[in-house]
Amino acid sequence: MDNIFDLIFSVPFMFSVLRLTTPILLATLSSVISERAGVGNITMEGTMLISAFVGVVVSAWTGSAWIGFLLAVLAGGATGYLLSYIIFKMEVNEILAGLSINLIGSGGTVFLLYALTGVRGISSSLSSKVMPAVDIPMVKDIPVIGEVVSGQNVVTYLAFISAFVIWFLLFRTKLGLRIRAVGENPDAAKSVGISVFRTKSIALVIAGVLSGMGGAYMSMGYVSWFVKNITAGRGWIGIAAAAMSGQHPILGMLSALLFGIADSVSNTLQTINLPSQLVLMIPYVVTLIAMCLYAWYALKKKQNEKASKA
Amino acid sequence: MDEILRAEHIVKIYDNGVMANKDINFAAQKGEIHAICGENGAGKSTFMKMLYGIEQPSEGAIYVKGKEVHLTSSAKAIECSIGMVHQHFMLVPSLTVAENVVLGVEPQKGIRFDKKEAVRITEEIAEKYNLPVPTNEKVEDISVGMKQRVEIIKALLKGAEILILDEPTTVLTPQETDELFEELKHLRDEGHTILFISHKLYEVKKLCDRVSIMKNGRMVATENISDVTETDISRLMVGRDVVEVIEKTKADPKETVLKVENITCKNSVGRKVLDKVSMRVRSGEIFGVAGVEGNGQHEVLEAIASMCHVESGSISLYDKDITNQSIRKIRDMGITHIPEDRMVHGTAKKFSIMNNILAGRHRAKKFTGKVLLNERAIAEEAEYLIKEYRVKCSGKNQEIGMLSGGNIQKVVVAREFSQDPKVILVDQPSRGIDIGAATFIREKLVQLRDEGKAIILNSADLNEVLGLSDSLAVFYNGKIAAYFEDTSLLTEEELGLYMLGVKKMDTAEIERRMYA
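Our subject in this report is the structure included herewith. (Residues numbered from 1 in each chain as written. Chains lettered and ligands numbered in written order. Predicted model: local features only at pLDDT ≥ 70, side-chain atom pairs only at ≥ 80, totals over all residues.)

1. Describing the pairing of strand β21 (residues 471–476) of chain B
Residues and elements named next belong to chain B. In terms of burial, β21 is a largely internal element, six of the six residues being buried. Where burial is concerned, the two faces of β21 agree: the one with Ser-471, Ala-473 and Phe-475 and the one with Leu-472, Val-474 and Tyr-476 are both buried. With four bridges joining them, strand β15 (residues 285–290) and β21 adopt parallel strand pairing. Directly across from Gly-288, in β21, lies its bridge partner Leu-472. Pairing between β21 and strand β22 (residues 479–484): five bridges, direction antiparallel. Paired with Phe-475 across the two strands is Ile-480, which belongs to β22. The loop that links β21 with its antiparallel partner β22 comprises two residues; one of these, Asn-477, has a positive phi angle of about 60 degrees. (Buried ≥ 20, exposed ≤ 12 C-beta atoms within 10 Å, placed from the backbone. Helix = DSSP H or I, 4+ residues; strand = E, 2+ residues; numbered from the N terminus. Pairing = 2+ DSSP bridges.)

Listed below in structure tokens is the structure:
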């Protein structure tokens, strides 16, 4: 037992928490901004897969990690725009539209990978590049904290900065005010001359960019290759984390951290003698428990509100 | 006084062919409160929507300050300094008052939204027009009257000189209404023009300078308020263009079938929609209920059908209490219902005619086999009813949504009439359907009456409710304001006075007439 605690309260463990939180956090933020704009966006998983694939292919082709990353993020944004076009211009149900993008993400990437490399399922034949890790001056010399916080992948820092950027965008800018207005009462927004389609599209493009960063991180930071279903459900967990936070970027960051910890526990415990099936289950079990707790809490709150009104 | 707004020869024909406005001429002066009165369906809302750019006129022209304008969108109307306070507030609940006010014209400081400036702007207008609001509170936490005030400030901020208020007092308490009137008078004195849409005549009389009256899509009169009485306005509002004669013999009512005693119902926001209503309906009569929309005549049918909760009082069928029973039980006991909206409560749009006829009767012995439904019996019934009720369709398997309104209504009517009911609740039976279908349904109703059914009829169509009913209760403000045991003696002018609350019978008289 002591062994387990030693493993968990160690610097490598904490370091891996941040590493594992990164993609979940980006998916969470993506979901938060979509929900704030009043769109039930479920495309995080598919968008991440598309961007992960684009990042690997472009960086291998150009030999530049940054160009690969940039194009991966652009692909994410484009996917976001595609989604808004399908929902608002072609008037397709948002869940169906999301489902089809997710299927394109999971099937299309495997197909294109095979078409490009002739190998099924993994991109190891491509010499793709990885985003650099960054040492933070000053901070890196602080004991423990320095070891945990410094030396992470550059995308990890981008992810945590994004949480604050999205918070600022939603609650401190004109665009954010409009996104929230459109999400809550589109008729009200329309009646004062705000274009609902435009505002929602912008929100979905930003959501796509965030998912795109998450996807690029998976194949160009977390690991250095693309493999079939590389995201392994992190997009879905992001949606759960966003719902749990009440669609708030900073609280969303905290709930993403919770899932990061669960992931990390699962990874760490694989090194000791426990049945791997059980250990691999941990993040998903935590998701389930968290969602149940959240639903219970939301219900209670509603009941209290009703009681206080009556 | 200067003329600020003029509409000339406005015609509006909707895509479905309904002519909602017929050659309307209208003018409003700067600095007046101008009431626009009319019954439901008189075309007030359509006309206002055109003034606010939500709908575009099919013909005619609108002038603001003497210049012709093309109001193709609300944004365009705002540009022309026209503002509107909708009946359903256009506010975002989780944003603050100030944020709602500046939405669409947000002040900025660099890339930030300038919240302080938003508050300052809001307070400036609030002070100027004497409309105090809690600028930093969230809209979801403030009262309805306050929300309305926020809407007015919103319009003023965008430079509105002409302010349209669509039945603003329906959601307000009497105190809030008084406050609103003071505010509106203040705005008028500042030189704003207010178009006040209402069918509450005492409010019009109290607040407005002039009144324009609409009827059947036409503007029938514009008068100075001091030159007319409430009775005059009511006479102009209510009244038929053409009196259609509905042929029927005199009723011969028998025993009391349905008794409603002192029932009170509330709507979702807790307002009383029925206030201690009592009535009794006899077999062999058509009991009409009339009123301006929202006064309880529709709600009383819903209460009997158990579609809304009865807070107190009781409803009984042949002396058996049926208050708040399940809809299934009530239908099984022999109460059927032609609901107000055939697409929402009357039919399942994507289902076939046959399945719509079966709906609600799928448990009947006649249609159930041992395990599966008895397809043959159902098909026979559907075919029989389609023929009997002359439903124009390609066959029993046609999707009901593909039929015309009149034929859909015939299917609903066929289903509800054919289960040998004791009481038939009929809510707006001929709204939006062709004359052929309407006449057919009316004849059926009279025929069922003669067979001894008790029928309760609610209709906004005066021809129908006056022509078809044998006795009639008039609803006003959730109460029965008058009861006429014989509608053939009732004139529409008289009816209008009761519907609009100008006249009222006392409870004793209603009881005396009803139980005579």
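Here the narrative resumes, following the displayed structure.
2. Examining the sheet that holds strand β6 (residues 82–85) of chain B
All names here are of chain B. Ordered by their spatial adjacency, six strands build an open sheet running β6-β9-β10-β3-β11-β12, and the pairing between neighbours is mixed. Each end of this open sheet is capped by a strand with a single partner; those strands are β6 and β12 (218–224). Averaged over all adjacent pairs, the angle separating strand axes in this sheet is 20 degrees, with direction ignored. Its contacts with the sheet place helix α6 (residues 174–189) against β3 (33–38), β9 (162–166) and β10 (193–197), and it is angled at close to 145 degrees to β10. (Axes fitted to C-alpha atoms, helices over the stretch in contact; angles between N-to-C directions. Contact = placed C-beta atoms within 7 Å.)

3. Some words on the sheet that holds strand β13 (residues 256–266) of chain B
Residue and element names in this part refer to chain B. Spatially, β14-β13-β16-β17 is the arrangement adopted by the four strands of the open sheet, whose pairing is antiparallel. Each edge of the sheet is formed by a strand with only one pairing partner; in this case those strands are β14 (272–282) and β17 (320–321). Bridge count for β13 against β14 is seven bridges, and the pairing is antiparallel. Of the residues in β14, the one forming a bridge with Thr-256 is Arg-282. Helix α9 (residues 297–304) contacts β13, β14 and β16 (310–317) of the sheet and is inclined by roughly 70 degrees relative to β14.

4. Section: the interface of chain B and chain A
If you look at the interface, chain B gives 17 residues, while chain A gives 15 residues. Broken down by element, the residue count for the side of chain B that touches chain A peaks at three residues, all from helix α2 (residues 74–79) of chain B. When the residues that make up the side of chain B that touches chain A are grouped by side-chain class, the tally is 10 nonpolar, four polar and three charged. (Nonpolar A, V, L, I, M, F, W, Y, C, P; charged D, E, K, R; others polar.)

5. So, unusual backbone geometry
All names here are of chain B. Phi at Asp-23 takes a positive value of approximately 50 degrees, unusual for a residue other than glycine. Phi is positive for Asn-477, close to 60 degrees, though the residue is something other than glycine. Looking at the element boundaries, Asn-477 is found in the loop between β21 and β22. The class of Asn-477 is partly exposed, set by 16 C-beta atoms lying within 10 Å.

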